[in-house]
Amino acid sequence: MSTETIFSKIIRKEIPSDMLYQDDLVTAFRDINPQAPVHVLVVPNKLIPTMNDADADDEALLGRMMTVAKKIAADEGIAETGYRLLLNCGPDGHQEVMHIHLHLLGGRDLGRMVGRPG
Ligand code: 5GP
């Protein structure tokens, strides 16, 4: 059985967040520890702990995460300057919250794609 994280409480609005968007499949809110001027998390309402747990039945949901991220990038004014969509998985990916989430990062030059450990 999957264990809920703080993201489930944010989705159900049991704890506060700076929520930008919510529909039947996904919720988007600002990251509490932003790594860029724009740092938004797009999260499925359904608990999927890691990308390894996603399957074909989740394809609509995973696609919605992408199109909602695109919409928020436009709303935040970074569609033209550019942004990065990032999904961490497992120890090497440094996933901290076991409820998949797409990071939308932008508003500055984000540098090259992959950093060094540490
Ligand atoms: P991960 O490393 O799992 O890909 O990223 C988890 C992200 O969730 C981190 O960027 C972290 O700042 C963010 N985060 C963790 N707890 C909370 C919270 O309670 N509220 C919000 N808005 N973001 C959180």
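For the structure itself, consult the block above.
Here the structure is a predicted model, which means the values were calculated and not measured.

Caption draft 1: Spotlight on the side chain of histidine 39. Its location among the elements puts histidine 39 in strand E3 (residues 38-44). Take histidine 39: its relative accessible area is 5%, and that puts it in the buried class. Here the side chain of histidine 39 touches glutamine 35 through a polar contact of 3.0 Å, landing on its backbone nitrogen. A distance of 2.8 Å separates the side chain of histidine 39 from the side chain of histidine 103, its partner in a polar contact. With sequence-adjacent residues up to four places away left out, histidine 39 is seen in contact with Arg30, Asp31, Asn33, Pro34, His103, Leu104 and Leu105.

Caption draft 2: Region of interest: the nonpolar core. Formed by 17 residues in total, the largest nonpolar core has its most connected members in Val40, Val42, Met65, Ile72 and Leu104. Ranked by residues supplied to this core, first place goes to helix H2 (residues 59-75) with 7 residues. Excluding its chain neighbours within four sequence positions, the residues that come into contact with leucine 104 are Val38, His39, Val40, Ala69, Ile72, Ala73, Ile78, Tyr83, Arg84 and Leu85. By size, the runner-up hydrophobic cluster in this structure holds 6 residues, among which are Phe7, Ile11, Phe29 and Val43.

Caption draft 3: Local environment of the pattern of salt bridges. Following the criterion strictly, the structure yields 8 salt bridges and no others. Arginine 30 is paired through a salt bridge with aspartate 18; the nearest N and O atoms lie 3.2 Å apart. Pair noted here: arginine 30 is in strand E2 (residues 26-30) and aspartate 18 is in the loop between helix H1 (6-11) and strand E1 (19-22), with a separation of 12 residues, a long-range link. The partner of aspartate 75 in a salt bridge is lysine 71, with the nearest N and O atoms 2.9 Å apart. With a gap of 4 residues between them, aspartate 75 and lysine 71 both fall in helix H2, about one helical turn apart. Overall, the relative accessible area of 54% leaves aspartate 75 in the exposed class. Using a relative accessible area of 38% as the deciding quantity, one classes lysine 71 as partly exposed. One salt-bridge network, in which partners are shared between bridges, spans Glu4, Arg12 and Glu14.

Caption draft 4: Quick peek at the site of the ligand. Around the ligand, the structure places 16 residues, and the nearest of them are Asp31, Asn88, Glu96, His101 and His103. Separating a nitrogen atom of the ligand from a backbone N or O atom of arginine 30 is a distance of 2.9 Å. Valine 97 is positioned with one of its backbone polar atoms (N or O) 3.0 Å from an oxygen atom of the ligand. The fraction of the free accessible surface of the ligand (520 Å²) that becomes covered by protein chains is 84%. Of all the secondary structure elements, the ones that give two or more residues to the shell around the ligand are H1 and E2. Within the shell around the ligand, the residues separate by chemical class into 7 nonpolar, 6 polar and 3 charged.

Caption draft 5: Representation of the environment of glycine 77 within the structure. Mapping glycine 77 onto the fold places it in the loop between H2 and strand E4 (83-86). Along the chain, glycine 77 and valine 38 lie 39 residues apart, while their C-alpha atoms are 9.5 Å from each other.

Cut-offs applied
Residues numbered from 1 in each chain as written. Predicted model: local features only at pLDDT ≥ 70, side-chain atom pairs only at ≥ 80, totals over all residues. Heavy atoms only, no water. Helix = DSSP H or I, 4+ residues; strand = E, 2+ residues; numbered from the N terminus. Buried < 20%, exposed > 50% of the residue type's maximum accessible area, 1.4 Å probe, protein only. Polar contact = N/O pair within 3.5 Å; in protein donor to acceptor, adjacent residues only side chain to side chain. Contact = heavy atoms within 4.5 Å. Core = buried A, V, L, I, M, F, W, Y, C linked by side-chain atoms within 4.5 Å. Salt bridge = Lys/Arg side-chain N within 4 Å of Asp/Glu carboxyl O. Near = heavy atom within 4 Å. Areas by Shrake-Rupley, 256 points an atom, 1.4 Å probe, with all protein chains shown as cover. Nonpolar A, V, L, I, M, F, W, Y, C, P; charged D, E, K, R; others polar.

Keep in mind these values describe shape, not function.
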